[in-house]
Amino acid sequence: MTEKLHIEDIDWITIILYLVLVVFGWLNIFAVSYNERFRSIFDLSMNYGDQLIWILTSFVMIILLFAVDHRSFYFFAYPVYGFAIVLLLAVVLFGTEVNNARSWFRIFGVNFQPSEFAKLATALALARFLSGWDVKIRSWKSMVTLLMMVGVPAMIIAVQPDWGTALVFSGFVLLLYREGMPGWMAAMILFLAGLFLFTLLLVPAEVIIALIAFAFIGFAILSRKAKHIVAGGAIFGAFLLVLRLMTDLLSLDLNQYQVILITLVLSTIVYLIMIYLYKLKRFLLVLAILFGSIAFTFTVDYMFHNFLKPHQQMRINILLGKETDIQDVGYNLNQSKIAIGSGGFMGKGFLKGTQTKLNFVPEQSTDFIFCTIGEEWGFVGTTLVIAVFVGLLIRLIFLAERQKSNFARIYGYGVLSVIFFHFSINIAMTIGLFPVIGIPLPFFSYGGSAFLAFTLMLFIFIRLDSVRKVYVI
Amino acid sequence: MDRFATRKNIIVLIILVVSAGLVMRLFYLQVIDTSYKLSAENNSKRIEILYPARGLIYDRNHELLVYNQPVYDLMIAPFELQAFDSTELCEILKIDLERLRSGIQRVRNPRYRREPFIKQISPETYAVLQEKMYKFPGFYVRSRTLRKYNREIAAHLLGYVGEVDEKLIASDNYYVMGDYIGVSGIEGYYEAALRGEKGQEVLLVDVHGRVQGPFQDGRFDRDAVVGRDLECTIDAELQEYGEKLMKTYKGSIVAIEPSTGEILTLISAPTYEPSLLVGRTRTENYIKLEKDTLEPLFNRALMANYPPGSTFKPVHALIGLQEGVISRNSTFSCTQGFYARGVSVGCHVHKSPLNLIEGIQNSCNAYFCNVFRNIIDNPDYNNVTEAYNSWRDYVMAFGFGNSLNADFINELNGFIAPTFYYDHYYGENRWNALTIISLAIGQGEILTTPLQMANLAATIANKGYYYIPHTVRNIAGIDTIENRFTERRVIPVDTANFSIVAEGMDLAVNGGTGSTARIAYISDIKVCGKTGTAQNPQGRDHSVFIAFAPKEEPRIAIAVYVEHGEWGASYAAPIASLMIEKYLKGSVDPGRKWLEATMLSRNLLSEQ
């Protein structure tokens with residue numbers, strides 16, 4: 001039996017914030033296409049007409065969400081998750097290849113991207129699992145299960161390959177952290193996600209040098225003794241110097257990368273002896289993390305070069321801005337910054353933008369929609385958008401915390417995690433604070449699957465919240 | 001409250017710190033750092049589209065038929081307009097102030113980014129204007145090319161170039177308002193090859209609209225790629241000659257090289273001069289041509305559905321032979337017609353009885369009524385429907401009843417009635433060979449296009465196969481044509497049977513008494529032909545003739561239709577014969593100049 005729906009129990013503040021984002025987002029998609037040839041707002045051949053259909057479809061879905069029994073989200077969490085996994089596998093095998101990746105199904109002329117819905121399914125499944133009465137998050141068994149739940153869809157998406165969307169799953173760390181995952185573990189996961197990204201972005205030698213530097217800093221913080229720091233540095237420096245001299249004198253055929261690795265191995269042997277002699281066991285951890293990270297870097301690098309076909313490597317390189325078919329490194333980002341920067345404080349005004357209309361900014365209506373906001377609405381507009389997002393996110397936390405049901409609370413944090421990750425990374429990448437990984441800005445970017453998925457995700461939570469007074473599982 | 005509830009504060013903190021970071025970065029980018037604004041505010045970019053020249057079209061002997069001439073469009077960029085001396089501009093352009101005002105008013109409509117104001121300015125006006133352009137900010141000159149023709153021939157075959165319409169722009173990203181596109185004929189079908197690829201030049205423009213140079217050292221510039229040249233299959237000489245012969249008639253000539261399927265000539269008469277549909281007068285001329293009661297825009301060669309008349313008899317002969325219901329020696333008698341159970345089909349006076357070859361030679365109606373009746377009443381089939389379907393399958397294999405899928409965008413199918421058509425008309429099982437006997441003489445529920453009939457002539461010439469007729473033999477740079485034009489389509493009829501029919505068509509031209517097409521006789525070329533009269537309920541019948549020559553190793557197959565010409569021998573056969581001679585010998589023998597003169601002097605247009 002479904003209880004009677006109380007309109008006053010629906011959180012209208014969230015809905016208003018959502019509508020503000022949707023309307024403003026659509027206006028910006030409209031602005032991108034505007035100068036081309038204006039016909040009518042319902043023109044399906046243009047992005048904005050298409051998007052409007054998706055928005056209206058989403059509104060219908062919202063009504064349907066309120067019509068189904070609220071308990072079905074709990075009961076069907078696992079089946080939905082399973083179905084999402086099946087879809088992800090199917091799209092890898094049978095999907096349409098777009099931009100060298102199989103991320104899309106094309107059904108009756110409509111493009112559908114299962115990975116967008118996988119986030120929603122994963123949020124439901126995590127909530128269902130963690131709300132179980134006998135689940136202790138800190139037990140190894142639960143931890144492994146949780147990591148699998150997040151990792152499996154992420155891995156399949158990585159195989160498409162759409163590594164940008166795969167990285168979104170690391171955002172669930174926020175949910176897990178709130179539900180009691182140890183802080184160091186959350187930090188570790190984020191560290192690995194970052195390492196993963198930088199392994200792809202930088203050459204291996206750079207990453208390893210950075211890791212060694214991090215390890216040294218960690219070691220210095222941990223020991224706080226000058227003689228340890230000097231000794232550690234001297235050992236490494238001595239080996240490096242000797243090896244460099246030897247390569248020059250004996251003209252050994254070693255590259256920089258090999259020199260560093262050999263130095264590291266030799267120094268480590270000395271370190272281990274010293275740790276044993278002076279009983280400095282606590283530094284073992286630093287070494288373990290360092291070698292673990294290096295092993296991880298190797299694995300990622302190996303996977304990239306051996307499991308991906310050249311055109312798939314190209315796809316990721318393009319995504320990361322390392323390669324574009326027309327321009328050199330940093331082209332996308334530079335154009336994006338010019339567009340946003342040219343907006344100034346007040347912006348050029350609605351429909352008056354030029355940078356985002358002359359096709360200089362790639363993916364202007366999808367991943368780089370924030371450029372149009374920046375150009376036409378200026379600093380005032382961008383700050384306002386960020387403010388509305390922050391308002392929405394904090395409201396979500398407030399809503400999550402007022403739930404009596406663990407399931408609803410945890411799911412709420414899942415929604416928050418995904419939206420926060422998308423929001424922060426998307427904006428950060430358009431303004432050069434984060435590598436370009438090609439993920440959409442929630443409720444703004446053109447693209448039906450993503451819009452529908454974000455809307456469903458949010459409104460399932462609003463639906464759960466609307467019955468908070470009567471519903472306790 | 002669980003024990004980790006306080007972690008919500010840390011999460012709020014993370015959100016706030018990250019967002020503050022974003023806002024600070026944006027503040028720096030948008031407010032403090034002015035380097036991005038400089039380029040965008042003091043300068044604006046202007047994208048100049050570079051239009052490639054359209055590919056040229058040559059004939060089969062590499063004579064240039066179609067090329068390009070430059071013209072200039074004066075454009076207005078509404079957002080860049082500033083006050084200017086309007087009288088001066090009006091003087092240069094020789095227009096009144098009102099015209100200028102309304103032009104500017106029009107482009108204020110935000111639907112268009114940049115609108116041509118006056119299209120196709122003459123080079124003289126352009127020379128004057130170019131020097132003073134700096135006085136008129138917001139005006140630009142765009143250079144385009146228009147088609148120009150060396151000979152005023154082959155309008156239908158070449159097709160014309162028009163401007164894209166809204167519908168097309170919506171469905172194809174390549175085109176924008178004002179672009180040209182091939183609308184029909186070769187221009188239409190080979191648009192993708194002919195158009196080339198547009199280029200662009202991104203220019204830096206100062207506040208006064210003056211070009212400062214290429215934007216970012218031209219890193220966004222793209223050169224235009226010139227369109228591909230085409231070598232078409234027509235023989236310009238022959239085409240021109242044919243058009244001259246058809247000048248005073250309505251009808252069509254299609255000539256094909258049988259060994260390749262290449263269309264040597266494609267004429268729809270009356271035709272028009274291709275240069276009429278070029279440039280500023282195009283629309284005006286088009287409306288004129290459209291209103292002409294002689295329908296010069298209608299491409300009869302591909303779109304006119306005529307009954308084939310007696311020219312269809314060879315097909316019955318071939319099917320009859322292949323099905324074994326007649327043989328080369330089957331004789332039938334003709335008493336000036338075919339009479340059976342109340343059905344009668346008249347015939348002219350000729351010898352009787354006659355065999356198959358004589359039947360074709362004399363175009364005996366009675367003979368082919370018997371052949372057709374034998375085909376439909378063939379006891380090998382269970383019923384009339386089955387036999388008819390078998391007949392129809394043969395006919396369709398010849399390329400009738402469906403478009404040949406040649407390289408045209410407006411080719412029609414013709415019509416070969418399916419059984420349900422008769423079932424509907426007469427009732428199921430209530431029709432038989434006699435009910436539909438008019439098919440025997442190519443009349444009744446059968447329609448074919450001149451192109452299909454020329455293809456039939458080519459098929460008989462090849463003794464059993466054809467290549468899909470086509471108009472282009474080479475695309476420069478691709479050096480190939482679509483596969484379907486080089487694949488042999490084989491008719492399920494034995495070569496020996498084709499030889500028998502060819503024999504009959506030989507005698508129809510070169511035989512003695514009773515030969516129906518003696519008028520097509522050429523002393524030193526063995527022409528094989530078949531006359532026909534296509535019944536026309538609206539007026540006098542049409543004169544039809546199909547032929548190929550020389551008999552051994554044929555080099556040309558031809559179909560000629562002359563509307564209201566009545567007998568095949570009166571107009572179509574002499575015209576076809578002149579065409580064949582012209583193509584094979586290069587000119588018409590002085591001994592046959594009288595025939596040419598006769599054809600040129602008659603006029604079936606004024607009689608109407």
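Residues numbered from 1 in each chain as written. Chains lettered and ligands numbered in written order. Predicted model: local features only at pLDDT ≥ 70, side-chain atom pairs only at ≥ 80, totals over all residues.

Colleague: Even after reading the chapter, I still don't get the nonpolar core, so can you show me in this structure?
Modeller: Soluble globular proteins tend to pack their nonpolar side chains together in the buried interior. Residues Ala457(B), Ala547(B) and Ile558(B) are the most contacted members of the largest nonpolar core, which totals 136 residues. Per-domain counts for this core show at least three residues from each of domain 1 (46-72 + 103-217 + 224-232) and domain 2 (246-574) of chain B. Not counting chain neighbours up to four residues away, the residues in contact with Ala457(B) comprise Ile546(B), Ala547(B), Phe548(B), Ala557(B), Ile558(B) and Ala559(B). Among the nonpolar cores identified, the runner-up in size contains 109 residues, and Val390(A), Phe407(A), Phe443(A) and Ile15(B) belong to it. (Core = buried A, V, L, I, M, F, W, Y, C linked by C-beta atoms within 7 Å. Buried ≥ 20, exposed ≤ 12 C-beta atoms within 10 Å, placed from the backbone. Domains from an automatic or database assignment. Contact = placed C-beta atoms within 7 Å.)

Colleague: I tried to follow the packing of helix α2 (residues 47-67) of chain A against helix α18 (residues 448-466) of chain A on my own but got confused; where do I start?
Modeller: Each pair of packed helices gets described by two things: the angle between the helix axes and the distance between those axes. Residue and element names in this part refer to chain A. In contact at an axis separation of 10 Å, α2 and α18 are set at 25° when each is read in the N-to-C sense. One finds that α2 runs roughly parallel with respect to α18. Every pair of crossing elements has a handedness; the one defined by α2 and α18 is right-handed. Taking contact as the criterion, the partners of Trp-54, Ile-55, Thr-57, Ser-58, Met-61, Ile-62, Leu-65 and Phe-66 in α2 are, on α18, Gly-448, Phe-451, Leu-452, Thr-455, Leu-456, Phe-459, Ile-460 and Arg-463. When grouped by side-chain class, the residues that make up the contact of α2 with α18 number 11 nonpolar, four polar and one charged. (Axes fitted to C-alpha atoms, helices over the stretch in contact; angles between N-to-C directions. Helix = DSSP H or I, 4+ residues; strand = E, 2+ residues; numbered from the N terminus. Parallel < 35°, antiparallel > 145°, perpendicular 65-115°, else oblique. Left-handed = near helix turned anticlockwise from the far one by under 90°. Nonpolar A, V, L, I, M, F, W, Y, C, P; charged D, E, K, R; others polar.)

Colleague: Can you help me understand the environment of Ile253(B) in this one?
Modeller: Residues and elements named next belong to chain B. Its place among the elements puts Ile-253 in strand β11 (residues 251-257). In the structure, Ile-253 is positioned 319 residues away from Ala-572 in sequence and 9.0 Å away in space, judged by C-alpha atoms. Once residues within four sequence positions are removed from consideration, Ile-253 is found in contact with Gly-242, Met-246, Thr-265, Ile-267, Ile-558, Val-560, Ile-575 and Met-579.

Colleague: How do you make sense of the sheet that holds strand β1 (residues 96-98) of chain A when you look at a structure like this?
Modeller: In a beta sheet, neighbouring strands pair by backbone hydrogen bonds and run either parallel or antiparallel. All names here are of chain A. Overall, antiparallel pairing links the three strands, which are arranged β1-β2-β3 in an open sheet. The open sheet is flanked by β1 and β3 (110-112), the only strands paired with a single partner. Neighbour-to-neighbour, the strand axes of this sheet turn through a mean angle of 50°, independent of strand direction. (Pairing = 2+ DSSP bridges.)

Colleague: Looking at this model, I keep getting lost on unusual backbone geometry. Mind explaining?
Modeller: Working note: non-glycine residues mostly have negative phi, and peptide bonds are mostly trans. Cis geometry is adopted by the peptide bond preceding Pro353(B), which originates at Ser352(B) and carries an omega value of -5°. Residue position: Pro353(B) is located in the loop between β14 (343-346) and α14 (356-362). Of note, the amide linkage connecting Ala549(B) to Pro550(B) takes the cis form, showing an omega dihedral of -15°. Along the chain, the position of Pro550(B) falls in the loop between β21 (542-549) and β22 (556-562). In this structure, Phe443(A) takes a positive phi of about 70° despite not being glycine. Examined against the element boundaries, Phe443(A) turns out to sit in the loop between α17 (406-430) and α18. Even without being a glycine, Asp479(B) presents a positive backbone phi close to 55°. Position of Asp479(B) relative to the elements: it lies in the loop between β18 (472-475) and β19 (489-490). The exposure class of Asp479(B) is exposed, given the 7 C-beta atoms found within 10 Å.

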